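These are the residues of each chain, in order.
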Amino acid sequence: MSLSVTENGGAGATGAVAHLGGATAALAAQRNPAPQPVLEIEGLTVGTDRVDLVLDVSLRVAPGETLCLVGESGCGKSLTCLAAMGLLAAPVRRKAGSVRLSGVELSGLGERRLRQVRGRDMAMIFQDPVASLNPVQRVGQQVAEALRVHEALSQKAASRRAVELFDKVGIAEPARRADAYPHELSGGMCQRVMIAMALACRPRLIVADEATTALDVTTQAQILRLMKALQEEIGTAMVFVTHDLGVVAEIADSVAVMYSGRIVETGSVDGVFDAPAHPYTQGLMDCRLHALAAAGGRLAAISGSVPRPAERPSGCAFRTRCPKASLPCERLPMLAPFGASQRVACHFPGRAT
Amino acid sequence: MTGPLLRMDGVGRHYRSGGWLSRATVTKAVDGVDLTLAAGETLGIVGESGSGKSTLGRLAAGIEMPSAGTVAFDDAPYAPIDSAAWRRQRRRVQVIFQNPSQAVDPRLPIVTQICGAMAAHRIDPGAGRAGRAEAMLERVGLGGLGSRYPHQLSGGQLQRAVIARALALGPEFIVCDEAVSALDVSVQAQILNLLQDLQAEFGLAFLFISHDLGVVRHVSHRIAVMQRGRLVEDGPAHAVFDRPQHPYTQQLIAALPAASPAARRARATARPAAA
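These remarks concern the structure in this document. Here the structure is a predicted model, which means the values were calculated and not measured.

Procedures and definitions
- Residue numbers here run from 1 along each chain, matching the order of that chain's written sequence.
- Throughout, the order in which chains and ligands are written sets their labels, letters from A for the former and numbers from 1 for the latter.
- Only residues with pLDDT of at least 70 get local features here, since the model is predicted, and only at 80 or more are side-chain atom pairs given and counted; chain-wide, interface and lining totals rely on the full set of residues.
- Runs of E in the DSSP output that reach at least two residues are strands. Runs of H or I that reach at least four are helices, and both are numbered from the N terminus.
- Neighbour density around each residue's C-beta defines its exposure: 20 or more other C-beta atoms within 10 Å make it buried, 12 or fewer make it exposed, and counts between make it partly exposed, where C-beta atoms are placed from the backbone.
- Two strands qualify as a pair provided that DSSP identifies no fewer than 2 bridges between them.
- A pair of residues counts as a contact when their C-beta atoms, built from backbone coordinates, are separated by no more than 7 Å.
- Note on residue categories: nonpolar means Ala, Val, Leu, Ile, Met, Phe, Trp, Tyr, Cys or Pro, charged means Asp, Glu, Lys or Arg, and polar means any other residue, Gly included.
- In this description, a line fitted to the C-alpha atoms serves as the axis of each element, helices being fitted only across the stretch in contact, and the angle between N-to-C directions of two axes falls anywhere from 0 to 180 degrees.
- To define a nonpolar core, we join buried Ala, Val, Leu, Ile, Met, Phe, Trp, Tyr and Cys residues through C-beta atoms within 7 Å and take the resulting set.
- Each helix should span, by expectation, one fewer than its residue count multiplied by 1.5 Å.
- Between 65 and 115 degrees an angle is taken as roughly perpendicular, under 35 as roughly parallel, over 145 as roughly antiparallel, and anywhere else as oblique.
- A clockwise turn of the near helix away from the far one marks a right-handed crossing, whereas an anticlockwise turn of less than a right angle marks a left-handed crossing.

## Some details on the overall build of chain B
- Helices and strands together make up the secondary structure of chain B, namely 10 helices and 10 strands.
- The principal-axis extent of the C-alpha atoms belonging to chain B is close to 65 × 50 × 45 Å.
- For chain B, with 275 residues in total, the buried portion stands at 44%.

Structure below.
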């Protein structure tokens, strides 16, 4: 079985637990802050001096939980991740809100202090592994470097440990591959190297930004299984950014849907898939295509595209594309409870009956 | 017309590398492929990266010549690249690539680029050209945006502009090489709907190359599965996906992400500890 069980029996969608059971557990985890979340983002606003790109985002991820962040490009998913990692680059900056890692406030920490936390307590995996690796250094050494810096291992011990990690992430002939340069490896292999690097110091949090998007389905399936298994083993919390709802179905315990900088819906993965409440979530669900579902007919598409942040409509940002939009939508809807496990920011939540 | 629009017989494309100081090696990107495509039909090509899908697409479009076998379009083999006959054939066969921003000139308004393509093929000389370009933009949902430059359009809009440019030449056959892969799902759905409408309207034949099996199933009448340069399975879309015969096709389908969390659990119960 490759299903995750959270340390506190918390928000995990666990094994044969019925939908209701899973949803209640997720709700309990949301209401009851007793298990300290690994990542806690509150009221995060990110932007430049002129325009806000991420608005008032709050997220919580429990130990061993996988939260999937979904939405179209330009909705602020990646910026939210970068802000969590303290990796925003001028002119984009955090304008308000806080980011806590296991209760420790990260916003406001100096770069020196942040560098001690990044790589050791939290790690990030990016979409393009080839671009994230140093092209002129052997991959084994790149992984060993993290261990030398954060765990003060000797060069020899770090190299040995890197080879062990390569073995663990399913790289065949790990000792030989550790001596390879990135260009000598396939995309899937490079992504395994990135995962080995992220896991090197057994971080409490892994942020994966479209980590499997560039991979073939067979490689993607292997990498997802691998991440899930490793998560079970070391109890890491994961934030997984993806636009592929199939990947969400595959690995998520909970889901947060972003649109134009805001979270418009959150909930357990079962809740969001069974009863998407926000018209945007419904739209995303409706235009999914699956090879095993009967084909044919026209696809339900969401008309238009995500507005540029500077041209974001007042009130509900989705109203320019929403089939349900009417007068109340000129007021900004707040996130409010919906169903057993969800929260939704919409004046007309749920499917029309 | 009696025969198929496109016919490939024993087509191979081999690349030679090394051979000066090292021993020469031959890579068979495409190897012994037979396939046909009828007018108005969509043939989907699936396979992993490196399986030869794109090379097959280039051969089918006649922008690459086979090392072995023949590629015939409308019963005649493609003329040598850059010959006058080849240039005339270009009008009838178009290609839409994955990244629209690399398929347009960043310094020209899109309507100018559409007119440029028509000028190259001497279509509608004079004032008619701008009118036809505008009509095509209207048809793909970009009415009134012709004076925009590529950077002023979103990825989905730009891909529509590329489709309008291809359409303006009145092609019969379009190779779509990962044409919707870079787009968000919502925009992807818009473009797929558009391509299907255009097929019905103009009787276009598509060779639809994608690594996304869901997309391919949705648009294709028939599907061919490629592995290491060879076709390992082909047939009607539903047959290939519902009753895959070849182990590689079965493997591809088994690797697909679940459609829902419930489907994931059902699969986990059915196949505990899948390797």
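## Thoughts on the pairing of strand β1 (residues 6–17) of chain B
Residues and elements named next belong to chain B.
- Examined bridge by bridge, β1 and strand β4 (residues 68–73) share 5 bridges and lie antiparallel to one another. Bridging across to β4, Arg 7 finds its partner in Ala 72.
- Across 9 bridges, the pairing between β1 and strand β2 (residues 25–37) is antiparallel. Pairing of Arg 7 across the sheet is with Thr 36, part of β2.

## Looking at the interface of chain B and chain A
- Contact residues are listed per partner, giving 35 residues for chain B and 34 residues for chain A.
- At the level of secondary structure, the elements contributing two or more residues to the side of chain B that touches chain A comprise α6 (185–202), α7 (213–219), α8 (237–242), α9 (247–254) and α10 (261–270) of chain B.
- No other element matches α6 of chain B, which puts 7 residues into the side of chain B that touches chain A.
- Residue classes in the side of chain B that touches chain A are distributed as 20 nonpolar, 11 polar and 4 charged.

## Points about the sheet that holds strand β6 (residues 93–96) of chain B
Residues and elements named next belong to chain B.
- Sheet architecture is open: 6 strands sit in the order β6-β7-β8-β3-β9-β10, paired in mixed fashion. Two strands lie at the open edges of the sheet, namely β6 and β10 (230–236), each paired on one side alone. Strand-to-strand twist across the sheet, computed as the mean angle between neighbouring axes with direction ignored, equals 15 degrees.
- Relative to β10, strand β9 (residues 222–227) is paired through 6 bridges, and the arrangement is antiparallel. Across the sheet, the residue bridging to Ile 223 is Gly 235, located in β10.

## Regarding the pairing of strand β3 (residues 66–70) of chain A
Residues and elements named next belong to chain A.
- Where burial is concerned, most of β3 is hidden: 5 out of the 5 residues are buried.
- Examined bridge by bridge, β3 and strand β8 (residues 237–241) share 4 bridges and lie parallel to one another. Paired with Thr 66 across the strands is Met 238, a residue of β8.
- With 4 bridges joining them, β3 and strand β9 (residues 254–259) adopt parallel strand pairing. Bridged to Cys 68 within β9 is Val 255.

## What about the sheet that holds β3 of chain A?
Residue and element names in this part refer to chain A.
- With mixed pairing, the 8 strands of this open sheet are ordered in space as β6-β7-β8-β3-β9-β10-β12-β11. Every interior strand has two partners, whereas the edge strands, β6 (122–125) and β11 (336–338), have only one. The mean angle between the axes of side-by-side strands here comes to 20 degrees, regardless of whether they run parallel or antiparallel.
- The pairing of β11 with strand β12 (residues 342–344) spans 3 bridges and is classified as antiparallel. What sits directly across from Pro 337, in β12, is Arg 343.
- Packed onto the sheet, helix α12 (residues 279–286) meets β3, β9 and β10 (262–268) and runs at close to 105 degrees relative to β9.

## Quick notes on the nonpolar core
- Within the largest apolar cluster, 180 residues are counted, with the highest numbers of intra-cluster contacts made by Leu 39, Val 143, Ala 196, Val 207, Val 239 and Val 264 of chain A together with Ala 164 of chain B.
- At 9 residues, helix α8 (residues 187–199) of chain A tops the list of elements feeding residues into this core.
- With sequence-adjacent residues up to four places away left out, Val 143 of chain A is seen in contact with Ala 162, Leu 165, Val 193, Ala 196, Met 197 and Ala 200 of chain A.

## Some details on helix α5 (residues 139–151) of chain A
Residue and element names in this part refer to chain A.
- A rise of 1.5 Å per residue sets the reference length of α5, with its 13 residues, at 18 Å; its end C-alpha atoms lie 18 Å apart and thus fit the reference within 8%.
- Turning to α5, its buried residues are Val 139, Gly 140, Gln 142, Val 143, Ala 144, Ala 146 and Leu 147.
- In this fold, the buried residues of α5 make contact with α6 (155–168) and α8.
- A positive backbone phi angle near 55 degrees is found at Ala 152, which sits one or two residues after α5.

## Concerning α6 of chain B
- Compared with an ideal rise of 1.5 Å per residue, which puts 18 residues at 26 Å, α6 of chain B spans 25 Å between its outermost C-alpha atoms and is within 8% of the ideal.
- Along α6 of chain B, the residues that are buried comprise Val 185, Ser 186, Val 187, Gln 188, Ala 189, Gln 190, Ile 191, Leu 192 and Leu 195 of chain B.
- Summarising the contacts, the buried residues of α6 of chain B are in contact with α12 of chain A together with α5 (155–167), β8 (205–209) and α7 of chain B.
- Phi for Gly 203 of chain B, located one or two positions after α6 of chain B, is positive at around 60 degrees.

## Some thoughts on unusual backbone geometry
- Backbone torsion omega between Ala 90 of chain A and Pro 91 of chain A reads 5 degrees, so that peptide bond is classified as cis.
- One can find Pro 91 of chain A in the loop between α2 (77–85) and β4 (93–101).
- For Glu 210 of chain A, which is not a glycine, the phi torsion comes out positive at approximately 50 degrees.
- Mapped onto the fold, Glu 210 of chain A is located in the loop between β7 (205–209) and α9 (217–234).
- Glu 210 of chain A sits in the buried class, given 20 other C-beta atoms within 10 Å.
- Despite not being glycine, Glu 178 of chain B has its phi angle at roughly 55 degrees, a positive value.
- Inspection of the secondary structure puts Glu 178 of chain B in the loop between β7 (173–177) and α6.
- According to the C-beta neighbour criterion, Glu 178 of chain B is partly exposed, with 19 such atoms within 10 Å.

## Things to note about the environment of Ala 259 of chain B
- Inspection of the secondary structure assignment puts Ala 259 of chain B in the loop between α9 and α10.
- For Ala 259 of chain B, a count of 21 C-beta atoms within 10 Å translates into the label buried.
- Each residue touching Ala 259 of chain B, except ones within four places of it in the same chain, is listed here: Gly 246, Ala 249, His 290, Leu 292 and Ala 293 of chain A.

## Focus: the environment of Val 225 of chain B
All names here are of chain B.
- Counting through the fold element by element, Val 225 comes out in strand β9.
- Remark: the alpha-carbon pair of Val 225 and Ser 51, spanning 174 residues in sequence, is separated by 9.4 Å.
- Each residue touching Val 225, except ones within four places of it in the same chain, is listed here: Val 46, Gly 47, Leu 231, Val 232, Glu 233, Asp 234, Val 240, His 246, Tyr 248 and Thr 249.

## Details of the packing of α5 of chain A against α8 of chain A
Residue and element names in this part refer to chain A.
- Running from N to C, α5 and α8 cross one another at 20 degrees; their axes reach a closest spacing of 8 Å. Taken together, the axes of α5 and α8 lie roughly parallel to each other. Crossing handedness for the pair α5 and α8: right-handed. Facing Val 139, Gln 142, Val 143 and Ala 146 of α5, the residues of α8 in contact are Val 193, Ala 196 and Met 197.
- Of the residues in the contact of α5 with α8, the class split is 6 nonpolar, 1 polar and no charged.

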